[in-house]
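# What the coordinates show
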Amino acid sequence: MAANTLPDEHFEVADFDEDADDEQMVSTNSGRKRLFSKELRCMMFGFGDDKNPYTETVDLLEDLVIEYIAETTHRAMEIGRTGRVQVEDIIFLVRKDQRKYARVKDLLTMNEELKKARKAFDEIKYVGNEGKLK
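Quick caveat: nothing in here was measured; it's all calculated off a predicted structure.

## Quick word on the overall build of the chain
Check the secondary structure of the chain and you find 5 helices and 0 strands. Taken from N to C terminus, the helices and strands of the chain fall in the order α-α-α-α-α. Sorting the 134 residues of the chain into buried and exposed places 10% on the buried side. A separation of at least 24 residues holds for 27% of the contacts in the chain among residues at least 6 apart in sequence.

## Quick look at the packing of aromatic side chains
Scanning all chains against the criterion turns up 0 aromatic pairs. Seen from the ring of Phe-92, Arg-95 lies directly overhead, with NZ or CZ sitting 3.8 Å from the centre.

## Remarks on the confidence of the model for the chain
Where the model shows low pLDDT, its predicted coordinates should not be examined in detail. Of the residues in the chain, 72% reach a pLDDT of 70 or more, and the chain-wide mean stands at 78. Averaged over each element, pLDDT in the chain is lowest for helix H1 (residues 2-29) (38) and highest for helix H2 (residues 37-46) (95). For residues 1-29, every residue scores under 50 in pLDDT, and the model assigns this stretch 0 contacts once sequence neighbours within four places are set aside.

## Topic: the pattern of salt bridges
Inspection of the entire model under this criterion finds 5 salt bridges. In this structure, Glu-62 engages Arg-34 in a salt bridge whose closest nitrogen and oxygen atoms are separated by 3.9 Å. Of the two residues, Glu-62 is situated in helix H3 (residues 55-79) and Arg-34 in the loop between H1 and H2; the sequence distance between them amounts to 28 residues. By relative accessible area, Arg-34 is classed as partly exposed at 30%. For Lys-100, the salt bridge goes to Asp-97, with nearest N and O atoms at 3.7 Å. Through salt bridges that share partners, Arg-34, Asp-59, Glu-62 and Asp-63 make up one connected network.

## Some remarks on a nonpolar patch on the surface
A cluster of nonpolar side chains, contributed by Leu-60, Leu-61 and Leu-64, occupies part of the molecular surface with about 260 Å² of accessible area. Tracing the backbone through its elements, the reader meets Leu-60 in helix H3.

## Some points on the packing of H3 against helix H4 (residues 87-94)
Look at H3 against H4: their axes get within 9 Å of each other, and the N-to-C directions meet at 110°. The angle between the axes of H3 and H4 places the two elements in the roughly perpendicular class. From H3, Thr-72, Arg-75, Ala-76 and Ile-79 reach across to H4, where they touch Asp-89, Ile-90, Phe-92 and Leu-93. Residues that form the contact of H3 with H4 fall into these classes: 5 nonpolar, 1 polar and 2 charged.

Here is what the cut-offs are and how they apply
- Within every chain, residues take consecutive numbers counted from 1 along the sequence as written.
- Confidence filtering applies because this is a predicted model: local features only for residues at pLDDT of at least 70, side-chain atom pairs given and counted only at 80 or more, and all residues used for totals across whole chains, interfaces and linings.
- Computation of side-chain values covers all heavy atoms of the structure but excludes hydrogens and water.
- Put simply, DSSP H or I for four residues or longer makes a helix, DSSP E for two residues or longer makes a strand, and each gets a number counted from the N terminus.
- Three labels apply to residues, based on accessible area from a 1.4 Å probe with only protein chains included: buried if under 20% of the type maximum, exposed if over 50%, partly exposed otherwise in between.
- Two residues form a contact once any of their heavy atoms are found within 4.5 Å.
- Here a pair means two rings of Phe, Tyr or Trp (six-membered ring of Trp) with centres within 6.5 Å. Their orientation is stacked below 30 degrees between planes, edge-to-face above 60, and tilted elsewhere.
- Note on geometry: a ring has a charge over it if NZ (lysine) or CZ (arginine) is within 6 Å of the ring centre and within 35 degrees of the ring normal.
- Confidence per residue, as judged by the predictor, is encoded in pLDDT with a range of 0 to 100.
- For salt bridges, the criterion is a side-chain nitrogen of Lys or Arg within 4 Å of an Asp or Glu carboxyl oxygen.
- Like charges within 9 Å and nonpolar side chains (Val, Leu, Ile, Met, Phe, Trp, Tyr) within 5 Å are joined into patches, using only residues over 30% in relative accessible area that form no salt bridge.
- Note on areas: Shrake-Rupley with a 1.4 Å probe; residue coverage comes only from the protein chains shown.
- Axis geometry follows a simple rule: fit a line to the C-alpha atoms, using only the stretch in contact for helices, then measure angles between N-to-C directions, giving values from 0 to 180 degrees.
- When an angle is under 35 degrees it counts as roughly parallel; over 145 it counts as roughly antiparallel; between 65 and 115 it counts as roughly perpendicular; any other value is oblique.
- Amino acids outside the nonpolar list (Ala, Val, Leu, Ile, Met, Phe, Trp, Tyr, Cys, Pro) and the charged list (Asp, Glu, Lys, Arg) are all regarded as polar, and Gly is one of them.

As C-alpha cells, this is what we get:
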C-alpha cells in the first residue's frame, strides 16, 4: 500500500506543476506586456505592502487597473465625439466622485503649470543662446 501511495503523491505533485506551467504559458502567451508592474510595486510599498510584493498580486492589480482604464475610455468615447476621448469627457465621467474629480483637476492644473514653466525655460534658454551667437 505504501508503494502505491508514494507514486500517487508523486503524480499529484507532477500534475500540479504542469498546471502551474500552463498558467504561466497562458499569461505569457496572451501577448500582453506588463505595463505598470514597476509603478504598482512602488505604490503598493508606499501604501504599506511588502517591498517585494508577490508577482501574482501585482499582476492582478495591473489587470484591474487596465480593465478600469479600458472601461473608462470606452465610456468616454460614447459620451463625447464618437471615437475620440477628450479631457472634458473624462471630467464629465468623474464629476460625481469628489476624490477623482479633485485629482483630475489637480493633475490638469499641474500640467498647465509645467507647460508654462517649460515654455519660460525654453525662452530663457533661447535668449541665452542667441546672445552667445552674436
